[in-house]
Each structure stands twice: as C-alpha cells, then as structure tokens.
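# Structure assessment
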Amino acid sequence: MQLHCMEDELEELGARLVVVGNGSPSFIAGFREKSGFTGALYSDPSRVLYRSLQLERGLRSSINGRSMARAVSAFRSGHRQSQVQGDAFQQGGVFVITSKGESTLEYRSQFAGDHPTTSEIRRAVVEAAALSNKGQSYDRT
Amino acid sequence: MSMSQVLEENRVLDEAGQAVALDSLWGQGPLVLALVRHFG
C-alpha cells in the first residue's frame, strides 16, 4: 500500500498525513524524489518515537516467510527495493489520531510489507473526524 | 504512555535537521501518522 496515494482523499476528509522515517534527515529529499510524495515528511533517526509507539524491530520481523512473500509480490508488481536508508530491522506503523490526541487506529506492522488496508485507514479517519468535530461543537456551546 | 503523551513528548527532524514538536503538526482535524520502515 502506498499511503501517500491517499493524500488527496485524506485531505478531503479533513485529515493531515504526516510521514516519518528513521534515516538521516538528509535522506528526505531523495525519498521525496523517488516516491513523489510532496506532503509533510520528517525523520526520527534516534527512533525514540518508534520505541514510544512500541513498533516492532528485529531480524525475525524483517526476514521471514510472510515478508519474503510480500517482497516477491511487490517485485512482480514492478516495485524494486533500493539501498536501505535507515534501520533495516525496524518495522513501521500507521496511527490515526483525533485532534484531542485519541487514536482510532493503531497499526503496528509485524513484518516487512505488513500494512493496514486503505479501507481500514479511511474508516479510522472518518471516526476520528467525527470525534474531532464533536469536540469542536462542544467547545462552541 | 498515552497517545497524547507520545505526541507531546516526542520531536522529529525536518529536512534541515531542525527539531519539530509532533503536537504542532496538526490542528483541528485528524492526524494520520505513518512511520515507514526506512527511507530506502
């Protein structure tokens, strides 16, 4: 799943997409060029945020049957893994958070290629938007 | 640690290497925070 392909849809739903990687900030420009992503892009080279969010890290989560199957599938679809710029053993995740700081989706990838579906993200954003708007309405009264 | 605490206590770096507070990155709507495996 290429999350940045949902950027326009997320914006229409009132959400902001922020992408964080774990390599040096100097890798950000190259990532933009390669991915075509023009939105908010940051780095956490110390991986403090990754640890705070309890994301998986390790050899077993990076190289296993499921991750290899996803890699083969991605390769067949035309995707090519370039040189890793960051921690090769770190897994990612997707979090949808309301304006009050409550989460409606906490997805921690268990292996390389493990991502939430677009419908899971869309559903969580709609729920988060409703909760955020609820709070704003309450604040105005 | 709650999600609010995570957002309040963590910072990320922008392209210039400047620290940015996570809780400054979104306003009234939801935030979709995607942490990628690496920049490769």
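The structure under discussion appears in the preceding block.
Just so you know, these numbers come straight off a predicted model, no measurement behind them. (Residues numbered from 1 in each chain as written. Chains lettered and ligands numbered in written order. Predicted model: local features only at pLDDT ≥ 70, side-chain atom pairs only at ≥ 80, totals over all residues. Heavy atoms only, no water.)

When you go through chain B residue by residue, the secondary structure sums to one helix and three strands. Secondary structure elements of chain B occur, N-terminal to C-terminal, as α-β-β-β. For chain B, buried positions account for 48% of its 40 residues. Summed over all atoms, the accessible surface of chain B reaches about 1800 Å², with 41% contributed by carbon and sulfur. (Helix = DSSP H or I, 4+ residues; strand = E, 2+ residues; numbered from the N terminus. Buried < 20%, exposed > 50% of the residue type's maximum accessible area, 1.4 Å probe, protein only. Areas by Shrake-Rupley, 256 points an atom, 1.4 Å probe, with all protein chains shown as cover.)

When the parts come together, some accessible area is lost, and that loss is often what is quoted as the size of the interface. With 59 residues of chain A in contact, the opposing surface of chain B contributes 30 residues. The junction of chain A with chain B conceals about 3700 Å² of combined surface from both sides, 63% of it contributed by carbon and sulfur atoms. Of all residues in chain A, the largest losses of buried area upon contact with chain B belong to R16, Y42 and I97 of chain A, amounting jointly to 17% of the total for that side. Inspection of the chain A/chain B interface yields one salt bridge. Residues R32 of chain A and E15 of chain B are paired through a salt bridge, measuring 2.9 Å at the closest nitrogen-oxygen approach. Counting the contacts that link chain A with chain B gives 16 residue pairs in polar contact (both at pLDDT 80 or more). For the side of chain A that touches chain B, the secondary-structure elements that each account for two or more residues are β1 (16-21), α2 (28-35), β2 (40-43), α3 (48-52), β3 (93-97), β4 (103-108) and α6 (118-140) of chain A. Sort the elements by how many residues they give to the side of chain A that touches chain B and β1 of chain A lands first, with six residues. Across the side of chain A that touches chain B, the residue classes tally to 30 nonpolar, 22 polar and seven charged. Inspection of the sheet shows β3 of chain A paired to strand β3 (residues 31-35) of chain B by five bridges, in the antiparallel sense. Across the sheet, V96 of chain A pairs through a bridge with V32 of chain B, a residue of β3 of chain B. (Contact = heavy atoms within 4.5 Å. Buried area = accessible area lost by both parts, 1.4 Å probe. Salt bridge = Lys/Arg side-chain N within 4 Å of Asp/Glu carboxyl O. Polar contact = N/O pair within 3.5 Å; in protein donor to acceptor, adjacent residues only side chain to side chain. Nonpolar A, V, L, I, M, F, W, Y, C, P; charged D, E, K, R; others polar. Pairing = 2+ DSSP bridges.)

Here the focus is the pattern of salt bridges. Residues and elements named next belong to chain A. Per the counting criterion, the structure on display carries three salt bridges over all chains. Salt-bridge contacts for E106 lead to R108; the nearest nitrogen and oxygen are separated by 3.1 Å. Its relative accessible area of 23% is what places R108 among the partly exposed residues.

Here we take up the pairing of β1 of chain A. Within β1 of chain A, five of the six residues are buried, which leaves it mostly tucked inside the rest of the structure. Here five bridges tie β1 of chain A to β3 of chain B, and the two strands are oriented parallel to one another. From the neighbouring strand, V18 of chain A faces β3 of chain B, where its bridge partner is L33 of chain B. Bridge analysis of β1 of chain A against β2 of chain A gives four bridges, and the strand direction is parallel. Each bridged residue has a counterpart across the sheet, and for V18 of chain A the counterpart in β2 of chain A is A40 of chain A. Running through α2 of chain A, the crossover from β1 of chain A to the neighbouring parallel element β2 of chain A is right-handed. (Right-handed = clockwise from strand over helix to strand, strands pointing away.)

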